[in-house]
Every structure is written in structure tokens, then in C-alpha cells.
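Structural description and commentary
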Amino acid sequence: MASVEVSRAGGVARIWLNRPERLNAVAPVLVDDLLAALDEVARADVRAVVLAGRGRAFCAGHDLKEPTPEGDSRARLERLQDVTRRLRALPPVVAAVHGYAIGAGAEFALGCDLILAAEDAVFSFPETGLGLSVTGAASRLLPQLVGPLKAKELVLLGERIDAREAARLGLVNAVVPDVHAAAADWASRIAQRPSAKLAKRALDAGTDLEAALELEVSHALITEHTPEVARATEDFRGRG
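Procedures and definitions
Residues numbered from 1 in each chain as written. Predicted model: local features only at pLDDT ≥ 70, side-chain atom pairs only at ≥ 80, totals over all residues. Heavy atoms only, no water. Helix = DSSP H or I, 4+ residues; strand = E, 2+ residues; numbered from the N terminus. Buried < 20%, exposed > 50% of the residue type's maximum accessible area, 1.4 Å probe, protein only. Contact = heavy atoms within 4.5 Å. Axes fitted to C-alpha atoms, helices over the stretch in contact; angles between N-to-C directions. Parallel < 35°, antiparallel > 145°, perpendicular 65-115°, else oblique. Nonpolar A, V, L, I, M, F, W, Y, C, P; charged D, E, K, R; others polar. Polar contact = N/O pair within 3.5 Å; in protein donor to acceptor, adjacent residues only side chain to side chain. 1 Å grid on protein atoms, 1.4 Å probe; cavity = no way out; pocket = protein on both sides within 12 Å on 5 of 7 lines; lining within 4 Å. Points joined across faces, edges and corners; volume = space filled by probe spheres on them. Pairing = 2+ DSSP bridges. Right-handed = clockwise from strand over helix to strand, strands pointing away.

1. Let's talk about the environment of phenylalanine 58
Along the polypeptide, phenylalanine 58 turns up in the loop between strand S3 (48-53) and helix H2 (73-89). Residue classification places phenylalanine 58 among the buried residues on the basis of a relative accessible area of 0%.

2. Here we look at the environment of arginine 19
Tracing the backbone through its elements, the reader meets arginine 19 in the loop between strand S2 (12-17) and helix H1 (28-43). The sequence separation of arginine 19 and alanine 211 amounts to 192 residues, and the corresponding C-alpha distance is 31 Å. Among residues more than four places away in sequence, those in contact with arginine 19 are Ser3, Asn24, Ala25, Val26, Ala27, Leu30, Asp63 and Glu66.

3. Side note on the packing of helix H4 (residues 138-146) against helix H9 (residues 209-223)
Remark: H4 packs on H9, axes separated minimally by 8 Å, with the N-to-C direction vectors making an angle of 125 degrees. Comparing their axes, H9 and H4 come out oblique. Facing H4, whose interface residues are Ala138, Ser139, Arg140 and Leu141, H9 presents Leu209, Ala211, Ala212 and Glu216. Here the residues of the contact of H4 with H9 are counted per class, giving 5 nonpolar, 1 polar and 2 charged.

4. Here's the deal with the packing of H2 against helix H8 (residues 196-204)
Axis separation between H2 and H8 bottoms out at 10 Å; the angle between their running directions is 125 degrees. Classed by the angle they form, the pair H2 and H8 counts as oblique. Note on element contacts: H8 touches H2 through Lys197, Lys200 and Asp204, opposite Leu87, Arg88 and Ala89. Among the residues making up the contact of H2 with H8, the classes are represented as 2 nonpolar, no polar and 4 charged.

5. Focus on the side chain of glutamine 81
Structurally, the position occupied by glutamine 81 is in helix H2. Classification of glutamine 81 as buried rests on a relative accessible area of 1%. Polar side-chain contacts of glutamine 81 include one of 3.0 Å to the backbone oxygen of leucine 213. Once residues lying within four places of it in the same chain are set aside, the contact partners of glutamine 81 are Thr135, Gly136, Ala137, Leu213, Glu216 and Val217.

6. Concerning empty space enclosed by the protein
The full count for this structure, using the stated rule, is 1 cavity of 30 Å³ or more. As a volume, the largest cavity reaches approximately 40 Å³. Along its surface, the largest cavity is lined by Leu80, Gln81, Val83, Thr84, Glu107, Phe108, Thr135 and Gly136. For the lining of the largest cavity, the secondary structure elements donating two or more residues are H2 and helix H3 (104-110). It is H2 that contributes the most residues to the lining of the largest cavity, 4 residues altogether. Along the lines of polarity and charge, the residues of the lining of the largest cavity split into 3 nonpolar, 4 polar and 1 charged.

7. Focus on the pairing of S3
Each regular strand carries side chains that alternate between the two faces of the sheet. Counting buried positions along S3 yields 6 of 6 residues, so the element is predominantly enclosed. Going residue by residue along S3, you find Ala48, Val50 and Ala52 tucked away on one face and Val49, Leu51 and Gly53 tucked away on the opposite face as well. In the sheet, S2 pairs with S3 via 6 bridges, with the strands oriented parallel. Along S3, the bridge assignment pairs tryptophan 16 with alanine 52. Since S2 and S3 lie parallel, the crossover through H1 that links them has a hand, and here it is right-handed.

8. Points about the sheet that holds strand S9 (residues 174-176)
Pairing is mixed in the open sheet, where 6 strands are placed in the order S1-S2-S3-S4-S6-S9. Looking at which strands have only one partner, the edges of the open sheet turn out to be strand S1 (4-9) and S9. Neighbour-to-neighbour, the strand axes of the sheet open up by a mean angle of 20 degrees, direction not taken into account. The pairing of strand S6 (residues 114-118) with S9 spans 3 bridges and is classified as parallel. Note on S9: the bridge partner recorded for alanine 118 is valine 176. Along the sheet face, H1 touches S1, S2 and S3 and points at about 15 degrees away from the line of S1.

Written as C-alpha cells, this is what we have:
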């Protein structure tokens, strides 16, 4: 079973994270499949995209129960950062967030252009508590959405916020009863607007993400093999 699924209809592509048994947690296979899906959508004749998760969550962050991949750490981190690059290059993308959007999951949502949240959505950036670094250009995108002071609070304390608080802060566009139906509706409406992709490019023109992405990789390489990360990973794997 593929860890990411893609469907297309009416000018809209739908990309589903599909590791429901692991709450769509990020593992190398999911990153590989997601990048392939984003490339497939980029080549297709679509005018809007929905990113969503199967099962009980959007994406619960990195799967710490997966063994640490061997090989070139920078190359692996760059592939993760490429998810944001690909999302920003697509036609407008609507994130449909339900359940957990934690760590890398929250960062996937930030990489989209619009974020809709179900009433049970929970957001968190727990990286500092695990000795890790934020990725996905969250260091640039999060302050743009919620302001620098609140962004520092969310990252430095790592506390979870619910959907209503996320809406109040400007982290999401709206909280809706049926997030998948609402995201499909928004994407369909965007797909009917011929210049929406150009408008997205214009709105994003002042946001230079490359410097943020490179700095995040540098920080991730520093933190990756620290004792704090090793302890946090072992503690998580020992649960249950």
C-alpha cells in the first residue's frame, strides 16, 4: 500500500498521506512518496490541490519508532525540505487538517497556501523539547502567520494548541465541521479562477524561503546526533 495517494478531478488534485496506522507520521518512505506525488501533480493539468491525511490524524510528526536512516544526513534533510519547495511551486494548495498536526506535520500544513482545521485539530512544534530543529521553512512561515513573538512562544515552549486557538492566532484560515468537504469546496472554487496560480506567485514573491531552509538544515545537522536527541528517541521507542 502506497504511503501517499493521489487523485484528480475537475482541475483539483487530492494528495492523501496514507500511513493511518502510524497517524501518518513521517518516515523516509512517506517523504519519498510525497515528493513523487507532488511531482506528479506538478506535471498534471490541475489548478488547485488539497493535502490531507487518512485515518485519525493529518500527520503526527516524525516517526521516532522508525530506525534512524543511514547515509548522507544532509541529503535526507534536503529531501524533507524539498516538500516545502514543491508545495510552494504548485498551484494553490489547501491543507485539510484533522487530528494531530505535530512537528513536521504542522510544517507540512504551513507549506500550503490555505489551512482549514477540523474541530479536533491539534497543532504543536515540539522540536526544541526533543533537541531537534524546526524544518519546512517554519522559521520563516510561522512568524509571518502569527507574528514573531507568538512564533517564538510556540517553538520555544512547544505547547499544543487546539483548532480554535490556532484560528485566533491566524495559524489557520477557518475551523469547519467537515474539513475534507470544506477543503474540496475551497479548492474547487480556486480551480475556477484562471489566474489563481499567478496571484499565488505574486503574493509569495516577497517571501525568500531558501535562506530559511538552508539555515534549518544547518541547525538540524548540528542537533541530529546530540545526546538529548538520542535520549528522547529512546524514551519514545520505549513507550507502550
